[in-house]
Amino acid sequence: MLNLLALNHLGWRPFFQQQLSLDELEDCSVARVMEHHRSSYELMSDEGYMALPANPNYPAMTVGDWVLLDREHRLIRLFERQSLFSRKAAGSRVTAQLIAANVDTVFIVCSMNQDFSLNRIERYLALAHEADVEPVIVLTKADLCDEPEQYVEQVRQLDSLLMVEAVNALDISSVEVLMSWCRPGQTVAFLGSSGVGKSTLFNSIFQENSQHTSAIREEDSKGRHTTTSRSLRCATGGFLLMDTPGMRELQLADCEQGVEQTFADISEISSQCRFSDCQHDGEPGCAINAAITNGKLDPRRLSSYQKLMREQAINGASIAERRAADKQFVKMCKTIQSGKKARKHEM
Ligand SMILES: Nc1nc2c(ncn2[C@@H]2O[C@H](COP(=O)(O)OP(=O)(O)OP(=O)(O)O)[C@@H](O)[C@H]2O)c(=O)[nH]1
Ligand SMILES: [Zn+2]
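Numbering of residues starts from 1 in every chain and runs along the sequence as written. Numbering of ligands from 1 and lettering of chains from A proceed in the order in which they are written. This being a predicted model, a pLDDT of at least 70 is required before a residue's local features are given, and a value of 80 or more before pairs of side-chain atoms are given or counted; all residues contribute to the totals for chains, interfaces and linings.

Draft legend 1. Expanded view of the overall build of the protein chain. The helix and strand tally for the protein chain stands at 12 helices and 13 strands. Three exposure classes are used, based on other C-beta atoms lying within 10 Å of a residue's own C-beta, which is placed from the backbone: buried for 20 or more, exposed for 12 or fewer, and partly exposed in between. Here the protein chain holds 347 residues, and 34% of them are scored as buried. Of the contacts formed within the protein chain by residues at least 6 apart in sequence, a portion of 66% connects residues at least 24 apart. Helix and strand definitions here come from DSSP, where helices need a minimum of 4 consecutive H or I residues and strands a minimum of 2 consecutive E residues; each element is numbered from the N-terminal end. Note on contacts: residues are paired as contacts if their backbone-placed C-beta atoms lie within 7 Å.

Written as structure tokens, this is what we have:
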């Protein structure tokens, strides 16, 4: 039987449990992927850490995934995900690479200095929306900034419902405002460009909440890497922090829905344009142009929207092409297999 109390602190919830049959609930165990190494996955279950050797027959898995295991700790299957960050992999063969699964909240980190950029925040928002992850905008370096409220206000103007917090990432008491998103069982990740304070925030939140964790880790003598660059870490507060470098290189690809959701105001206004395919480029009856003229829409926001739409279309097209090719390959395999089965029956 599953130890639900322990699993809940790892992020287990009804969404995953509903994917189990009664027999599986009795006989199997479940575990979460905490680290992804070249030749193995490190899993955490209600019984502790264990290694799962990688196998080319396994489905693509990533940090944060939940897996179903048999009594011998062999993989039965991967659970359907609640959310997923993926990115276009570098190289000529364009394919989506899985970065992080089942993240609940992403802290979109931006510093309140010359690096502050609404366009960049919008880009990260599109990624969060596409991944189905709740975004919180965390503005750092409040201690170095004369008027943090001014930055907070600018972000609020993107969307009045956005959650925004200004902090000094170095100061644990200042970071306390973020703890309402770090509740037991919650998985939190960080997005933001270099130098904005992601590692600093991570450490402030983690150190404050992890006195016991290091003790548990020291007891674990199975030669696990305590300093790893790609991992999900449990804090004693019962929440999990995701620290994966892949999140730092996330690109927009095949992300139309995420961009649309980020710019819901633009979608709404453009539904009133006279032509349904209006490019908002001087066409008659363009509601977007009218909104810009009467100050209801910031022209910066329109150009940011158009830029992100173009970018995701370019990056997404090649992935779509690859997906189509993959589908065809699977179909071919199925045809071959059903041919084999048919021949077996005939024999
Ligand atoms: N004064 C002050 N300094 C900060 C704050 N946040 C981060 N810093 C400093 O800014 C520098 C960069 O912070 P990091 O946490 O390394 O930034 P990062 O986002 O992890 O950067 P990458 O690892 O390159 O992605 C460090 O020297 C931090 O000490 C803050 O809120 N206030
Ligand atoms: Zn228009």
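So, next bit.
Draft legend 2. Highlighting the UniProt feature "binding site: Zn(2+)" (unreviewed entry) in the protein chain. UniProt positions are given in the numbering used here, feature names are shortened, and annotations may be inferred rather than shown by experiment. Taking the numbering used here, the UniProt-annotated feature "binding site: Zn(2+)" (unreviewed entry) corresponds to Cys-273, Cys-278, His-280 and Cys-286. Mapping Cys-273 onto the fold places it in the loop between helix H10 (264–270) and helix H11 (287–293). Classification of Cys-273 by C-beta neighbours within 10 Å gives partly exposed; the count is 19. The residues touching Cys-273, leaving out its near neighbours within four places in the chain, are Cys-278, Gly-285, Cys-286, Ala-287 and Ile-288. Among the structural elements, His-280 can be located in the loop between H10 and H11. Classification of His-280 by C-beta neighbours within 10 Å gives buried; the count is 21. Apart from the residues lying within four places of it in its own chain, the contact partners of His-280 are Ser-270, Cys-286, Ile-288, Asn-289 and Leu-302.

Draft legend 3. Quick peek at unusual backbone geometry. A positive phi angle, close to 65 degrees, is found at His-73, a residue other than glycine. Mapped onto the elements of the fold, His-73 is located in the loop between strand E4 (66–69) and strand E5 (75–78). A positive phi angle, near 70 degrees, is found at Asp-132, a position not held by glycine. Within the secondary structure layout, Asp-132 lies in the loop between helix H4 (118–131) and strand E9 (134–140).

Draft legend 4. Region of interest: the nonpolar core. Each nonpolar core consists of buried Ala, Val, Leu, Ile, Met, Phe, Trp, Tyr and Cys residues. Their C-beta atoms, within 7 Å, join them into a set. Grouped together as the largest cluster of nonpolar side chains are 77 residues, with contacts concentrated most on Ile-108 and Leu-191. By residue number, the principal contributor to this core is H4, which donates 7 residues.

Draft legend 5. Focus on the pairing of strand E1 (residues 29–36). Taking burial as the measure, the 8 residues of E1 include 8 buried ones, the bulk of the element. Here, a strand pair is defined by DSSP locating no fewer than two bridges between the strands. Relative to strand E2 (residues 40–45), E1 is paired through 5 bridges, and the arrangement is antiparallel. Directly across from Glu-35, in E2, lies its bridge partner Glu-42. Linking E1 to E2, which pair antiparallel, is a turn of 3 residues.

Draft legend 6. Geometry of H4. One less than the residue count of a helix, multiplied by 1.5 Å, gives the span that helix is expected to have. Helix length check: H4, at 14 residues, gives a terminal C-alpha distance of 20 Å against a target of 20 Å (1.5 Å per residue), a fit within 8%. The element H4 is extensively covered by neighbouring structure, given that 11 of its 14 residues are classed as buried. Residues of H4 that are buried include every one of Ile-121, Glu-122, Arg-123, Tyr-124, Leu-125, Ala-126, Leu-127, Ala-128, His-129, Glu-130 and Ala-131, and no others. Downstream of H4 by a residue or two, Asp-132 has a phi angle that is positive, lying close to 70 degrees.

Draft legend 7. Broad picture of the pairing of strand E10 (residues 163–166). Pairing geometry for E9 and E10, over 4 bridges, is parallel. Bridged to Ile-137 within E10 is Val-164. The β-α-β motif built from E9, the intervening helix H5 (residues 148–156) and the parallel element E10 has right-handed crossover chirality. Here the term right-handed applies to a crossover when the path leading from its first strand over the helix to its second strand runs clockwise, the strands being oriented away from the viewer.

Draft legend 8. Molecular detail of the confidence of the model for the protein chain. On average, residues of the protein chain score 85 in pLDDT, and 82% of them are at 70 or above. Of the two predicted TM-score estimates for the complex, the pTM is 0.83 and the ipTM is 0.97. Confidence of the prediction at every residue is given by pLDDT, a number between 0 and 100.

Draft legend 9. Highlighting the environment of Asn-315. Along the chain, the position of Asn-315 falls in helix H12 (residues 299–346). Looking at Asn-315, the number of C-beta atoms within 10 Å reads 17, which means it is partly exposed.

Draft legend 10. Seen up close, the environment of Arg-81. Within the secondary structure, Arg-81 sits in the loop between E5 and strand E6 (84–88). In this structure the C-alpha to C-alpha distance between Arg-81 and Arg-71, which are 10 residues apart in sequence, comes to 23 Å. Other than its neighbours up to four places away in sequence, Arg-81 contacts Asp-65, Ala-101 and Asn-102.

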